[in-house]
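Commentary on secondary and tertiary structure
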Amino acid sequence: MATGARVVLLGPPGAGKGTQAKLLQEKFAACQISTGDILRKAVAEQTPLGKEAAQYIDRGALVPDDVIVELVAGRLKDKDCAPGFILDGFPRTIPQAESLDRILQRMTLSLNRVLSMQVPRSVIIERLSGRRSCKNCGGLFHVIFSPPAKEGVCDRCGGELYQRQDDEEDTVANRLDVYEKQTAPLANYYRERNLLREIDGVGTVDEIRARVIEALGDLVA
Ligand code: AMP
């Protein structure tokens, strides 16, 4: 079996998956696959995928499984994913998890860890309401917990920061319900396969990063 990190980050919106995935990508020389980022880019570029996805994203619903699975299957074949991959926001349903198993099997690969980031609802609401994303590079900030040096401007690339429309209060409530119903059952799916590790997702970015690294430390190439 190939070496490298083949990891899924599981957790509700605002759990810190995107922030940690970006950090892990560097540490493990792996690719980060954020289905949310890919879809938002498609929406901004008004591609056929983006036009279809926007109807679901805007109301906090999930994009159909077949659309997402095809997108991830294609991305996993890219060269930068050969050393390993960090999946952030995928899989989100049991059928997606089953499809992922089949895709990896065809590539003679398998997952080697799933981290479930545990964060209470009150903390999630606080994080999402202050979250700001870079339009250009997807960099993540928070107006209180990790503000950019210059308000509204990305520290990494100078791009413009914005608040995601689906981070607004009504849509957040719907996204959390969708998570409980459709995505939370994945914890059991992966527990039964001995892949699951639970991480306390409350704390500073550095504190959470330390816990994540501890749970993945043995996978460092
Ligand atoms: P995220 O950035 O991961 O919170 O995703 C934002 C939105 O994109 C979600 O609320 C869904 O509408 C859509 N999305 C992202 N990943 C998936 C997925 N794996 N399955 C279905 N929809 C997804």
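Okay, so let's go over this structure. (Residues numbered from 1 in each chain as written. Predicted model: local features only at pLDDT ≥ 70, side-chain atom pairs only at ≥ 80, totals over all residues. Heavy atoms only, no water.)

**Things to note about the site of the ligand**
The following threshold applies: Whether a residue is near a molecule or strand is decided by its heavy atoms; if any one of them lies within 4 Å of it, the residue is near. Polar contacts here mean pairs of N or O atoms no more than 3.5 Å apart (in protein, one a potential hydrogen donor and the other a potential acceptor; neighbouring residues in sequence count only if both atoms are side-chain atoms). Shrake-Rupley sampling with a 1.4 Å probe provides the accessible areas, and residues are treated as covered by the protein chains on show and by no other component. Helix and strand assignments follow DSSP, with helices taken as H or I runs no shorter than four residues and strands as E runs no shorter than two, numbered in order from the N terminus.
Around the ligand lies a shell of 16 residues, among which Thr 35, Arg 40, Ala 61, Gly 89 and Gln 96 are the nearest. Taking Arg 92, its side chain carries an N or O atom lying 3.0 Å from an oxygen atom of the ligand. At 3.3 Å from an oxygen atom of the ligand is found a side-chain nitrogen or oxygen belonging to Arg 175. Relative to its free-state accessible area of 480 Å², the ligand is covered by the protein chains to the extent of 97%. The element contributing the most residues to the shell around the ligand is helix 2 (residues 35-44), with four residues.

**So, the state of the cysteines**
Convention followed: The disulfide definition used here is simple: a pair of cysteine sulfur atoms within 2.5 Å. The cut-offs for exposure are 20% and 50% of the maximum accessible area for each residue type, with area from a 1.4 Å probe on protein chains only; residues under the lower value are buried, those over the upper are exposed, and the others partly exposed.
Enumeration according to the criterion identifies one disulfide in this entry. Here Cys 31 engages in a disulfide with Cys 81; their sulfurs sit 2.1 Å apart. Between Cys 31 and Cys 81 the sulfur-sulfur dihedral comes to about 100°; the bridge is accordingly right-handed. Taken together, the residues Cys 31 in strand 2 (residues 31-34) and Cys 81 in the loop between helix 4 (65-76) and strand 3 (85-88) connect sequence positions 50 residues apart. As far as burial versus exposure is concerned, Cys 31 and Cys 81 are alike and both buried. Free cysteine Cys 134: the closest other cysteine sulfur is in Cys 157, separated by 3.6 Å. For the unlinked cysteine Cys 137, the closest cysteine sulfur is that of Cys 154, found at 3.8 Å.

**What to know about the side chain of Thr 35**
Quick reminder of the rule: Contact criterion: two residues are considered in contact whenever any of their non-hydrogen atoms come within 4.5 Å of each other.
With respect to the element layout, Thr 35 can be found in helix 2. A distance of 3.0 Å separates a polar atom in the side chain of Thr 35 from the backbone oxygen of Gly 89. Setting aside its immediate chain neighbours within four residues, Thr 35 contacts Ile 68, Leu 71, Val 72, Asp 88, Gly 89, Phe 90 and Arg 92.

**Here's the deal with the pattern of salt bridges**
Which entries qualify depends on this criterion: A side-chain nitrogen of Lys or Arg and a carboxyl oxygen of Asp or Glu constitute a salt bridge if their distance falls within 4 Å.
By the definition in use, this model includes 15 salt bridges. Residue Glu 45 pairs with Lys 41 through a salt bridge whose shortest N-O separation is 3.5 Å. Across the pair Asp 80 and Arg 75 runs a salt bridge, and its minimum N-O distance is 2.9 Å. One network of salt bridges, in which partners are shared, links Arg 131, Arg 164, Asp 166, Asp 167 and Arg 175.

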